[in-house]
Amino acid sequence: MNSQLVEFSFFRPSHYSYECQQFNTGFLLWPVYEDYLLFTSRFFDEPCKKSSMENLMAPGLPCFIAHSSGTSGGATKHFQKYRHRDHVSLSTSEAMKKLNPPTSNGGGKNCIMYSLGYRQVVAPLNEDGDVEGRIPVCLMTSGVIRVSNNMVVGGDAIYSTIKVPNCSSPLAVSFIQNYKPFLFMYALFALVEPKLETINTLFTTTCRDLCRAIHDQLGDFIHCIETGVIPDLEGIDQVKENLQRFLQPNPDRAEELRKIGKAIETQGWFKQIRPELRVILATASGPFSTVIPEIRHYIGPDVSLETLTIASSEAFLALAYDPRDLGLYKVVGSDDVIEFLPVDEPEESRYLAQTGNVDPGKKYEVVLTTRDGFWRYRLGDVVEVVGFDPRDGQPVVRYVEVTTETQLPSIVDATSDLLGGVSEFCVCPDYRGSVGRYAFMVELQGNLGENAV
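All values derive from a computational prediction rather than experimental measurement. (Residues numbered from 1 in each chain as written. Predicted model: local features only at pLDDT ≥ 70, side-chain atom pairs only at ≥ 80, totals over all residues. Heavy atoms only, no water.)

## Some points on the sheet that holds strand S2 (residues 78-81)
In space, the four strands of this open sheet follow the order S2-S1-S5-S4, with mixed pairing throughout. Each end of this open sheet is capped by a strand with a single partner; those strands are S2 and strand S4 (120-122). Pairwise comparison of adjacent strand axes, ignoring direction, gives a mean angle of 25° for this sheet. Direction of pairing for strand S1 (residues 64-67) relative to strand S5 (residues 135-138): parallel, over a ladder of two bridges. Note on S5: the bridge partner recorded for Ala66 is Cys138. (Pairing = 2+ DSSP bridges. Helix = DSSP H or I, 4+ residues; strand = E, 2+ residues; numbered from the N terminus. Axes fitted to C-alpha atoms, helices over the stretch in contact; angles between N-to-C directions.)

As structure tokens, this is what we get:
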């Protein structure tokens, strides 16, 4: 207990006074992201001073800054992530183990698709004007992988020359920023590897893209494998030499792929391409569930599809509980304090439930207090409690995708002037695309706005 007090004694007094003042006024009962901009914006000040950001959100400096992904919608949000002691980072450790599962005794390989790229690097300056640290601004998964493997930004040139023994692709692929060549290279090395057992794409939509890319560009892949030459693709110049080192001519494999051909309409086509494949790992709940039938068609009945986590830029919330049930997760609460707000109760703190007293069958919105400085932050995700893990009593939940009735009119209000003035509208689910969405049908007050198309 004393060590915890010492650790948190380094918090900035201004951070204390602000939170205490706002707490006393009741403002921080349900803080939203904008309430923290006073602090998070300091990490992007110019000049970037260490004195203005050290011990700001948590003790020390962050090891990376997670930015919200493109699936989140709205303006990009940033969440500072700090290194914590191992015994309070169990969910992160478990998530990392799931990302890189053990292979068979025969030396099987994993294709693990992740990015080590970043949008920018924050370089805080000390009082003498010297740089003290380089903090990457990146996706949550990118940052967690870097921290878990002690991969600092300054070592990227060395990391890109390495190929991890149980992985099909060299690390250089993970430094490709453009999505299409990133996808192409992961697919190329997966096609070459004869002992590929597992493909981990993090999300089912990426798995779908991988399968389609192999089908659509099969001729290009065959040419690369036959000649052993990495093609000139946009955005790979900085790693092309390192990629080339790990690709050798393989005419026999190229001929195998020619004989199989583009048979994407045949169930289990992907299994024909990679006979040793046994499992696909990818988050498959919520908005990522819509592509499951397509993926199952590609991989066939002999390859299992297993979900990974409920995670976001803010935190890891839950890990897969039963590989056979793609919607079932177990809450892992070691990293952060997780509370549950019943969706059918008033939005008041007295209705908050802890992990031990949630009710099976009820739906709750997740509320987080993180070790990285966010206090009772409403994540916006809704889960339904289905029971408890008998081993440790942690809640077992299903992810519930929820769009509230108040959100739909706000979308119309935001676009009404652009469209030309909306008088009436109706909404229905639209599943024509690979990912489900909502379709809006509107009645305009006049003509369509000039800038609407």
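Next, the rest of the story.
## Looking at helix H8 (residues 179-192)
Residues lying three or four places apart along an α-helix face the same way, a consequence of the helix completing one turn every 3.6 residues. Between its first and last C-alpha, H8 extends 20 Å over 14 residues, near the 20 Å set by a 1.5 Å rise per residue. Across the 14 residues of H8, eleven count as buried, placing the element largely inside the fold. The complete set of buried residues in H8 reads Pro181, Phe182, Leu183, Phe184, Met185, Tyr186, Ala187, Leu188, Phe189, Ala190 and Leu191. (Expected span 1.5 Å × (residues − 1). Buried < 20%, exposed > 50% of the residue type's maximum accessible area, 1.4 Å probe, protein only.)

## Quick word on the environment of Gly373
Assignment of secondary structure puts Gly373 in the loop between strand S13 (363-369) and strand S14 (377-388). On the accessibility criterion, Gly373 (14% relative accessible area) is buried. Placed 294 residues apart in sequence, Gly373 and Phe79 show a C-alpha to C-alpha distance of 9.2 Å.

## A look at the pattern of salt bridges
Tallied over the entire structure, the rule returns 19 salt bridges. Arg398 is the salt-bridge partner of Asp325, the closest N and O atoms lying 2.7 Å from each other. Of this pair, Asp325 sits in the loop between strand S10 (316-320) and strand S11 (328-331) while Arg398 sits in strand S15 (residues 395-400), and the two are 73 residues apart along the sequence. The class for Asp325 is partly exposed, based on a relative accessible area of 22%. Among the ionic pairs, Lys330 bridges to Asp392, the shortest N-O distance being 2.6 Å. Taken as a pair, Lys330 in strand S11 and Asp392 in the loop between S14 and S15 lie far apart in primary sequence, 62 residues in all. Assessed through its relative accessible area of 15%, Lys330 is described here as buried. (Salt bridge = Lys/Arg side-chain N within 4 Å of Asp/Glu carboxyl O.)

## Quick notes on empty space enclosed by the protein
On inspection of all chains with the given rule, the structure shows two cavities of 30 Å³ or more. By volume, the largest cavity amounts to about 70 Å³. Forming the boundary of the largest cavity are Ile112, Tyr114, Val164, Cys167, Ser169, Pro170, Leu171 and Tyr186. Split by residue class, the lining of the largest cavity holds seven nonpolar, one polar and no charged. Of the pockets and cavities examined, the second largest cavity occupies roughly 50 Å³. Looking at the lining of the second largest cavity, the element that brings in the most residues is S2, giving three residues. Grouping the amino acids of the lining of the second largest cavity by side-chain chemistry returns four nonpolar, two polar and three charged. (1 Å grid on protein atoms, 1.4 Å probe; cavity = no way out; pocket = protein on both sides within 12 Å on 5 of 7 lines; lining within 4 Å. Points joined across faces, edges and corners; volume = space filled by probe spheres on them. Nonpolar A, V, L, I, M, F, W, Y, C, P; charged D, E, K, R; others polar.)

## Comments concerning the nonpolar core
The biggest cluster of nonpolar side chains holds 63 residues, and the ones touching the most others in it are Met185, Leu188, Ile214, Leu243 and Phe270. For this core, the element with the highest residue contribution is H8, accounting for ten residues. (Core = buried A, V, L, I, M, F, W, Y, C linked by side-chain atoms within 4.5 Å.)

## Points about the confidence of the model for the protein chain
Summarising the model, the protein chain shows a mean pLDDT of 84, and 80% of its residues fall at 70 or more. When the criterion is pLDDT under 50, residues 1-28 qualifies, and its contacts beyond four places in sequence or with other chains add up to 35 contacts. (pLDDT = per-residue confidence, 0-100. Contact = heavy atoms within 4.5 Å.)

## Some remarks on unusual backbone geometry
Following Glu46, the chain continues into Pro47 via a peptide bond in cis, with omega recorded as -5°. If you trace the backbone, Pro47 turns up in the loop between helix H3 (37-40) and helix H4 (50-53). The phi torsion at Asn150 lies on the positive side, around 55°, for a residue other than glycine. Along the chain, Asn150 turns up in the loop between helix H6 (140-148) and helix H7 (156-159). Positive phi is not limited to glycine here, since Leu202 has a value of about 70°. Within the secondary structure layout, Leu202 lies in strand S6 (residues 196-203). Take Leu202: its relative accessible area is 11%, and that puts it in the buried class.

## Some points on the side chain of Arg146
Along the chain, Arg146 falls in helix H6. For Arg146, a relative accessible area of 3% translates into the label buried. Among the polar contacts listed, one links the side chain of Arg146 to the backbone oxygen of Leu116, at a separation of 2.7 Å. (Polar contact = N/O pair within 3.5 Å; in protein donor to acceptor, adjacent residues only side chain to side chain.)

## Quick notes on helix H12 (residues 251-260)
Every buried residue of H12 is listed here: Arg253, Ala254 and Leu257. In an axial view of H12, the angular spread of the buried residues amounts to 100°, which keeps them on one side of the axis. In H12, the exposed residues that point more than 90 degrees away from the buried face are Asp252 and Lys259. Of the residues one or two after H12, Gly261 is the one with positive phi, at around 70°. (Arc of directions from axis to C-beta.)

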